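# Structure at a glance
Next come the chains, spelled out residue by residue.
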Amino acid sequence: LNKIGNLTADGRPILGLDAEKLAEIVFNISKYCVIVPAHAWTPWFSIFGSKSGFDTIEECFGKYSKYIFAIETGLSSDPAMNWRLSMLDNISLISCSDAHSPSKLGREVCVFETELSYNAMFSAIRHKNPSKFLFTVEFFPEEGKYHYDGHRDCQIRWTPKETKAHNKLCSVCGRPVTVGVMHRVDDLADRSDGFRPATAIPFKSMIPLQEIIAESKGRGVGTKAVQEAYHSAVQKLRTEFKILLETSADELRAALLPEIADGIIKVREGKVSIAPGYDGEFGKIKIFSEPHPASSASGGLGTSLHFMERGI
Ligand SMILES: [Zn+2]
Ligand SMILES: [Zn+2]
């Protein structure tokens, strides 16, 4: 691939060739090679993206489409959004995380019950076997950087409906807005919201523990107070995943500050509001409508944001 493009540009190889050609090269190396289109819906550099994407897997991979058995949903979409497309019913939906910032490793994951091997894991994915590919852990898609449409510099954040009402043109600068993931899913979907295919692998929606702590304290993620609380929580209760997904509410309350325990429980119940991300800007989470009574700091989030209540 070095002959074709720049593999060292920024950790992500940039190759000037068609996906179909890449598939030909990759699949001719070994029958064990797998291609999974990553962050399948983000506007740039993705299979279904609004900027450079395709409308179907076949348009993208041509005669190699039959070897594409999974896509990665990315932060700005979750499996439920993808369930609206019947063309994805036979495709496995996986969730992965970038490897470029260590603290963000594992922010989205797949959970398997298989032997720990490449072949066992890919076989579970390929066959969408619910006894081996148990579930994925996902961001709330509104938190992703491209959930809604808009212009970051112009501070225009629109729902797909608002964008259509404005002919996709920004009302501040007049240029076309960046069309996000929700909009693209809406355009390509052939089912209404809420449909769940029989073969669907379940998922759980989570917010990273550092962000829950930051919100419960009304401080930034990078602050010393948040970092200390995070490390002490992980030390007491073993791992972040245990804390987020498994530790009982009573144990959480016994081990952690009440506002942090409450925050985790609310997130598990889906009781969070999120000002959706757009045009490269992450969504903003709000777990507590008032600053938590146990936390003295004032909330850092602007009240002008339109938070979207999640009704899970
Ligand atoms: Zn995902
Ligand atoms: Zn603009």
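Residues numbered from 1 in each chain as written. Chains lettered and ligands numbered in written order. Predicted model: local features only at pLDDT ≥ 70, side-chain atom pairs only at ≥ 80, totals over all residues. Heavy atoms only, no water.

Naming follows an unreviewed UniProt entry, where the chain appears as DNA helicase UvrD.

### Thoughts on the domain arrangement of the chain
Each domain of the chain was delimited in the assignment, giving domain 1 (34–207) and domain 2 (208–271 + 282–309). Computed over C-alpha atoms only, the centres of domain 1 and domain 2 are separated by 26 Å. Counting from both sides, the interface comprises 17 residues of domain 1 and, opposite them, 15 residues of domain 2. Looking only at domain 1, the three residues that lose the most surface to domain 2 are Glu143, Met206 and Ile207, adding up to 43% of its buried area. There are two residue pairs in polar contact (both at pLDDT 80 or more) connecting domain 1 and domain 2. At the level of secondary structure, the elements contributing two or more residues to the side of domain 1 that touches domain 2 comprise strand S6 (133–139) and strand S9 (203–206). When residues of the side of domain 1 that touches domain 2 are assigned to their parent elements, the largest contribution, three residues, is made by S9. When the residues that make up the side of domain 1 that touches domain 2 are grouped by side-chain class, the tally is eight nonpolar, three polar and six charged. (Domains from an automatic or database assignment. Contact = heavy atoms within 4.5 Å. Buried area = accessible area lost by both parts, 1.4 Å probe. Polar contact = N/O pair within 3.5 Å; in protein donor to acceptor, adjacent residues only side chain to side chain. Helix = DSSP H or I, 4+ residues; strand = E, 2+ residues; numbered from the N terminus. Nonpolar A, V, L, I, M, F, W, Y, C, P; charged D, E, K, R; others polar.)

### Some details on the coordination of the zinc ion (ligand 1)
Thr73 (OG1), Ser95 (OG), Glu108 (OE) and Glu138 (OE) make up the full set of protein donors to the zinc ion (ligand 1), lying at 2.2 to 2.6 Å. In this structure, the zinc ion (ligand 1) is coordinated by four donor atoms arranged in irregular fashion, with angles at the metal of 76 to 163°. Expressed as a motif, the donor residue spacing for the zinc ion (ligand 1) is T-x21-S-x12-E-x29-E. Taken as a pair, Thr73 in the loop between strand S3 (70–72) and helix H3 (79–82) and Ser95 in the loop between strand S4 (92–94) and strand S5 (109–112) lie far apart in primary sequence, 22 residues in all. Accessibility expressed as a relative area gives 1% for Thr73, which makes it buried. (Donors = N, O, S within 2.8 Å, 3.2 Å for Na, K, Ca; no water. Tetrahedral: all angles 85-135°; square planar, octahedral: opposite > 155°, others 65-115°. Buried < 20%, exposed > 50% of the residue type's maximum accessible area, 1.4 Å probe, protein only.)

### Regarding the pattern of salt bridges
According to the stated counting rule, one finds eleven salt bridges in the structure shown. Residues Asp186 and Arg84 are paired through a salt bridge, measuring 3.1 Å at the closest nitrogen-oxygen approach. Of the two residues, Asp186 sits in helix H6 (residues 181–188) while Arg84 sits in the loop between H3 and S4, which places them 102 residues apart along the sequence. Residue Asp186 is classed as partly exposed on the basis of its relative accessible area, which comes to 33%. In this structure, Lys224 engages Glu228 in a salt bridge whose closest nitrogen and oxygen atoms are separated by 3.8 Å. Of this pair, Lys224 and Glu228 are both found in helix H8 (residues 224–237), four residues apart, which corresponds to roughly one turn of the helix. (Salt bridge = Lys/Arg side-chain N within 4 Å of Asp/Glu carboxyl O.)

### Remarks on the layout of surface pockets
What the largest pocket holds in volume is close to 1900 Å³. In terms of lining residues, the largest pocket is bounded by 42 residues, among which Arg12, Ala38, His39, Phe45 and Ser46 are the most central. Listing elements by their share of the lining of the largest pocket, those giving two or more residues are strand S2 (14–15), helix H1 (19–27) and helix H2 (57–61). Classifying every residue of the lining of the largest pocket gives 23 nonpolar, ten polar and nine charged. (1 Å grid on protein atoms, 1.4 Å probe; cavity = no way out; pocket = protein on both sides within 12 Å on 5 of 7 lines; lining within 4 Å. Points joined across faces, edges and corners; volume = space filled by probe spheres on them.)

### A few points about the packing of aromatic side chains
Scanning the model with the defined rule gives nine aromatic pairs in all. An angle of 35° between the planes, with centres 6.2 Å apart, marks the rings of Phe27 and Tyr64 as tilted. Of this pair, Phe27 sits in helix H1 while Tyr64 sits in the loop between H2 and S3, placing them 37 residues apart in sequence. With respect to class, Phe27 is no different from Tyr64; both count as buried. Here Phe69 and Phe122 contribute two aromatic rings whose centre-to-centre distance is 6.4 Å and whose plane-to-plane angle is 80°, an arrangement assigned as edge-to-face. Taken as a pair, Phe69 in the loop between H2 and S3 and Phe122 in helix H4 (residues 118–126) lie far apart in primary sequence, 53 residues in all. Relative accessible area serves as the criterion here: at 21%, Phe122 is assigned to the partly exposed category. Here a set of aromatic residues connected by ring pairs shows up, and it is made of Phe27, Tyr64 and Tyr67. One Lys or Arg, Lys204, reaches over the ring of Phe135 and ends 4.4 Å from the middle of that ring. (Phe/Tyr/Trp six-rings, centres within 6.5 Å; stacked < 30°, edge-to-face > 60°. Lys NZ or Arg CZ within 6 Å of the ring centre and 35° of its normal.)

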